[in-house]
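Structure at a glance
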Amino acid sequence: DTPHALYEAIKVKNSAKANSARLVAGFCWKWSDANPDGTLKKDVVIGDFAMTWEAKNEATRLAPGIPKAALWAYDPNGVDQIGSIYTIQGFEFDYVGVIFGPDLRYNPESKNWEGHPESSADGVVKRDKDRFMELVKNTYRVLLSRGMKGCYIYFMDENTRKYFVSRIQSREPEVIQTAK
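Read on for a plain summary of the structure. (Residues numbered from 1 in each chain as written. Predicted model: local features only at pLDDT ≥ 70, side-chain atom pairs only at ≥ 80, totals over all residues. Heavy atoms only, no water.)

1. Focus on the side chain of E54
Under the convention used in this document: In this description a helix means any DSSP run of H or I spanning at least four residues, a strand means any run of E spanning at least two, and both kinds are numbered starting from the N terminus. Only protein chains enter the accessibility calculation, which uses a 1.4 Å probe; a residue whose area is less than 20% of its type maximum is buried, one above 50% is exposed, and one in between is partly exposed. Note on charges: Lys and Arg go in the positive column, Asp and Glu in the negative column, and His and the chain ends are not counted at all. Throughout this description, the term salt bridge denotes a Lys or Arg side-chain nitrogen within 4 Å of a carboxyl oxygen of Asp or Glu. Any pair of N or O atoms that falls within 3.5 Å is considered a polar contact. Within protein, one atom must be able to donate a hydrogen and the other to accept it, and sequence-neighbouring residues count only if both atoms are side-chain atoms. For this analysis, residues touch if any pair of their heavy atoms sits within 4.5 Å.
Topologically, E54 is positioned in the loop between β3 (49-51) and β4 (82-83). Buried and without a salt bridge, E54 has R22 as its closest oppositely charged side chain, separated by 9.1 Å. Within the structure, the side chain of E54 is placed 3.3 Å from the backbone nitrogen of S84, a separation counted as a polar contact. Here E54 is in contact with W31, L40, A69, W72, Q81, I82, G83, S84 and T87, once residues within four sequence places are set aside.

Here it is as structure tokens:
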């Protein structure tokens with residue numbers, strides 16, 4: 001229900017088995033360079049929740065305990081940073097927590113997905129106006145499919161959350177009868 005709860009769930013899963021859970025987000029916030037002291041700016045801000053992206057690979061003199069993007073998935077301290085589409089591709093974790101940003105929203109009136117380039121911080125995707133929807137949908141497809149055992153999601157848009165919830169069917173497990 002909150003980005004705080006999402007992050008706590010990922011930390012709990014990661015504490016049970018090191019490097020088994022990570023938090024990721026749609027690219028809806030600026031990705032800043034490291035501060036002069038090597039710490040990272042808390043670019044991902046949602047209300048009173050604020051967290052850093054992973055450090056850029058070209059960052060120099062990072063503060064102790066801050067892995068560069070290339071090591072984010074492997075380093076135990078990676079759980080304290082948010083990964084992006086660019087750092088999670090090719091990795092799978094037991095659990096993933098996804099912040100579903102406002103760059104892709106479901107409109108219940110038109111029953112269609114809407115792309116919102118003004119809510120994207122991904123310059124490459126924003127520049128490709130003809131393919132924006134395709135690219136941002138692919139971003140979330142990748143982010144949502146990185147958890148092998150489970151996926152937790154925080155939706156910034158309520159209509160998008162309702163759409164996803166309406167598509168999740170709860171059903172009893174099948175009982176298979178075996179011949180005696």
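2. Description of the layout of surface pockets
To keep it simple, the criterion reads: A 1.4 Å probe that fits into a set of points on a 1 Å grid over the protein atoms alone but cannot get out defines a cavity; an open set with protein on both sides within 12 Å along at least five of seven lines defines a pocket, and lining residues are those with an atom within 4 Å of a point. Grid points are joined across faces, edges and corners, and a volume is the space filled by probe spheres set on the points.
Computed from the structure, the largest pocket encloses a volume of approximately 180 Å³. Together, D1, I153, Y154, F155, E158, R161, F164, V165 and I168 line the largest pocket. Listed by contribution, the elements that provide at least two residues to the lining of the largest pocket are β8 (147-155) and α5 (158-167).

3. Re the sheet that holds β8
By definition, the strands of a sheet pair up through backbone hydrogen bonds, in either a parallel or an antiparallel sense. Put simply, the test is: Strand pairing is assigned whenever DSSP identifies at least 2 bridges connecting the two strands. Here an axis means a line fitted to C-alpha atoms, over the contact stretch when the element is a helix, while the angle between two N-to-C directions is reported on a 0 to 180 degree scale.
Here 4 strands make up an open sheet; going across it, the order is β4-β1-β5-β8 and the pairing parallel. Each of the sheet's edge strands pairs with one partner strand only, and the pair in question is β4 and β8. By the bridge criterion, 5 bridges tie strand β1 (residues 21-25) to strand β5 (residues 93-100) in an arrangement that is parallel. Within β5, the residue paired with A25 across the bridge is I99. Those strands touched by helix α1 (residues 3-16) are β1, β5 and β8, and its axis lies near 150° from that of β1. Strands in contact with helix α4 (residues 132-144) are β1, β5 and β8; relative to β5, the strand with the most contacts, it is inclined by about 145°.

4. As for the environment of S20
Relative to the elements of secondary structure, S20 occurs in the loop between α1 and β1. Take S20: its relative accessible area is 3%, and that puts it in the buried class. For S20, the residues in contact, after removing those within four places along its chain, are K13, N14, F93, D94 and Y95.

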